[in-house]
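What follows is the residue order along each chain.
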Amino acid sequence: MNYFAGIDVGSTAIKVAVVDEEGNVAGVHVAASGSLFHRNSTEALNCLLGRLHLKRSDVRYLIATGYGRKLFKEADDSISEITANAIGAFEAGKAFGGVGTIINIGGQDSKAIQIDENGNVVNFAMNDKCAAGTGRFLDVAARNLDLDLEELGDYHFKGENAPLNINSTCTVFAESEIIGLLANGHGKPEIIAGIHYSIASRTVRLAKRVGIEGRVYFDGGPALNRGLVAALQDELGRELVIPEHPQTTTAFGAAMLARDEFMAEQQAGRA
Ligand code: ADP
């Protein structure tokens, strides 16, 4: 059996996906990017291959994507994360009846992508200038609130009072605002829900710039936070499609493209 891999070298996390010839997901893996992107990407790939009992030679084609994709030189090809995310969401979205809009929140940026019924990118917008509205904002908030990142989602629903307004439009100022709110006796749940709503409203503004069409697919690491999902659904006024592995959609898209390119080359060779 031939296998195909996508590796998404993100600003915060490295994601690897391996698919088989039928496009079924054999496995996915997430590891911290750290500062040694190349070494950590190689380790992440080897870790997943080891878990799947595959040799490197079983992977017939590998496509790199993401912020640090150029650093992974062993890849057979590389593509932008917009293209890879669109392919991944289009493929994973089929099980939900198809998607038209993708919202991706990553560690340091956020994106909205509109795709057509064939999965082609029609329009996209990106915020990579400001950490507010990205996973970094959540990381900073968790640290200030002395919580694990994974706890934020549950805290969102624990508040007895309405979510607080987080007014700072910059992560650095928001950090002082959070500390000020804690010092004034406000509860963590109300602060956390406020943070989620602040990210959600920024994200909706971004999505409106590209136009919200069809079902909306939400991916990237922060889509694992069910409190943020609830806030985003509330601000959007519609349900979101959340895949089983939201953080690895872009790596999955790269793996699917690797499979398609390899199959197309093989067919061309036979013709
Ligand atoms: P990038 O591609 O830019 O590295 P990711 O899509 O991997 O970004 O998302 C990274 C972000 O995901 C982190 O900054 C963090 O805020 C968030 N994240 C990761 N794991 C979880 C989790 N289990 N629960 C909630 N948020 C998470």
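A.B. asks: Explanation requested: the overall build of the protein chain in the structure shown.
C.D. replies: Regarding its fold elements, the protein chain presents 8 helices and 10 strands. For 271 residues, the compact-globule formula gives about 18 Å, and the C-alpha radius of gyration of the protein chain, at 19 Å, lands near that figure. With the C-alpha coordinates aligned to their principal axes, the bounding extent of the protein chain is approximately 70 × 40 × 30 Å. Out of the 271 residues belonging to the protein chain, those deemed buried represent 53%. Counting only carbon and sulfur atoms, one obtains 48% of the accessible surface of the protein chain, whose full area is about 12500 Å². Of the side-chain charges in the protein chain, 25 are positive and 34 negative, and the distance between the mean point of each set is 3 Å.

A.B. asks: Would you mind going over the packing of helix 2 (residues 81–93) against helix 8 (residues 249–270) with me for this structure?
C.D. replies: Packed helix pairs are specified by the crossing angle of their axes together with the interaxial distance, meaning the distance between the axes. Remark: helix 2 packs on helix 8, axes separated minimally by 7 Å, with the N-to-C direction vectors making an angle of 90 degrees. Judged by the inter-axis angle, helix 2 sits roughly perpendicular to helix 8. In this structure, helix 2 contributes Glu-81, Ala-84, Asn-85, Ile-87, Gly-88, Ala-89, Glu-91 and Ala-92 to the contact, and helix 8 contributes Thr-249, Thr-250, Phe-252, Gly-253, Ala-254, Met-256 and Leu-257. Split by residue class, the contact of helix 2 with helix 8 holds 8 nonpolar, 5 polar and 2 charged.

A.B. asks: Help me out: how do you make sense of the site of the ligand in this one?
C.D. replies: Close to the ligand lie 19 residues; Thr-12, Lys-15, Gly-107, Asp-139 and Gln-247 are nearest. Contact distances for the ligand include 2.8 Å between an oxygen atom and a backbone N or O atom of Gly-107. Measuring from an oxygen atom of the ligand, one finds a side-chain N or O atom of Asp-139 at 2.7 Å. Starting from 580 Å² of accessible surface for the ligand in isolation, the protein chains cover 87%. Of all the secondary structure elements, the ones that give two or more residues to the shell around the ligand are strand 2 (13–20) and helix 3 (135–144).

A.B. asks: Where do I start with the nonpolar core in this structure?
C.D. replies: Most often, soluble globular proteins keep nonpolar side chains buried together rather than apart. Counting 36 residues, the largest nonpolar core has Ile-103, Ile-191, Ile-195, Phe-218 and Leu-232 as its most contacted members. Of all the elements in the fold, those that place two or more residues in this core are strand 6 (101–105), helix 3, helix 4 (152–155), helix 5 (171–183), helix 6 (188–210), strand 9 (216–219) and helix 7 (226–236). It is helix 6 that provides the largest number of residues to this core, a total of 9 residues. Within the second largest apolar cluster, 19 residues are counted, among which are Ala-5, Leu-48, Leu-49 and Val-59.

A.B. asks: Just checking my understanding: could you explain the packing of aromatic side chains for this structure?
C.D. replies: Taken as a whole and assessed by the stated rule, the structure comprises 2 aromatic pairs. Arranged with centres 5.2 Å apart and planes meeting at 50 degrees, the rings of Phe-4 and Phe-262 form a pair that is tilted. Here the residue Phe-4 occupies a position in strand 1 (residues 3–9), and Phe-262 occupies one in helix 8, the gap between them amounting to 258 residues. A single burial state applies to Phe-4 and to Phe-262, both of which are buried. Judged by centre distance (6.2 Å) and plane angle (45 degrees), the rings of Phe-37 and Tyr-67 are tilted. Taken as a pair, Phe-37 in helix 1 (residues 37–51) and Tyr-67 in the loop between strand 4 (59–65) and strand 5 (77–78) lie far apart in primary sequence, 30 residues in all. Given a relative accessible area of 15%, Phe-37 falls into the buried group.

A.B. asks: Even after reading the chapter, I still don't get the sheet that holds strand 3 (residues 25–32), so can you show me in this structure?
C.D. replies: Whenever strands of a sheet pair, they do so through backbone hydrogen bonds, lying parallel or antiparallel. Read across the open sheet, the 5 strands follow the order 3-2-1-4-5; overall the sheet is mixed. Two strands close off the open sheet at either side, each with one partner strand: strand 3 and strand 5. Pairing geometry for strand 1 and strand 4, over 6 bridges, is parallel. Looking at the pairing, Gly-6 lines up with Ile-63 of strand 4. Each of strand 1, strand 2, strand 3 and strand 4 touches helix 1; the most contacted strand, strand 2, lies at about 35 degrees to it.

Analysis parameters
Residues numbered from 1 in each chain as written. Predicted model: local features only at pLDDT ≥ 70, side-chain atom pairs only at ≥ 80, totals over all residues. Heavy atoms only, no water. Helix = DSSP H or I, 4+ residues; strand = E, 2+ residues; numbered from the N terminus. Rg over C-alpha atoms; globule rule 2.2 N^0.38 Å. Buried < 20%, exposed > 50% of the residue type's maximum accessible area, 1.4 Å probe, protein only. Areas by Shrake-Rupley, 256 points an atom, 1.4 Å probe, with all protein chains shown as cover. Lys, Arg positive; Asp, Glu negative; His and termini not counted. Charge placed at Lys NZ, Arg CZ, Asp CG, Glu CD. Axes fitted to C-alpha atoms, helices over the stretch in contact; angles between N-to-C directions. Parallel < 35°, antiparallel > 145°, perpendicular 65-115°, else oblique. Contact = heavy atoms within 4.5 Å. Nonpolar A, V, L, I, M, F, W, Y, C, P; charged D, E, K, R; others polar. Near = heavy atom within 4 Å. Polar contact = N/O pair within 3.5 Å; in protein donor to acceptor, adjacent residues only side chain to side chain. Core = buried A, V, L, I, M, F, W, Y, C linked by side-chain atoms within 4.5 Å. Phe/Tyr/Trp six-rings, centres within 6.5 Å; stacked < 30°, edge-to-face > 60°. Pairing = 2+ DSSP bridges.

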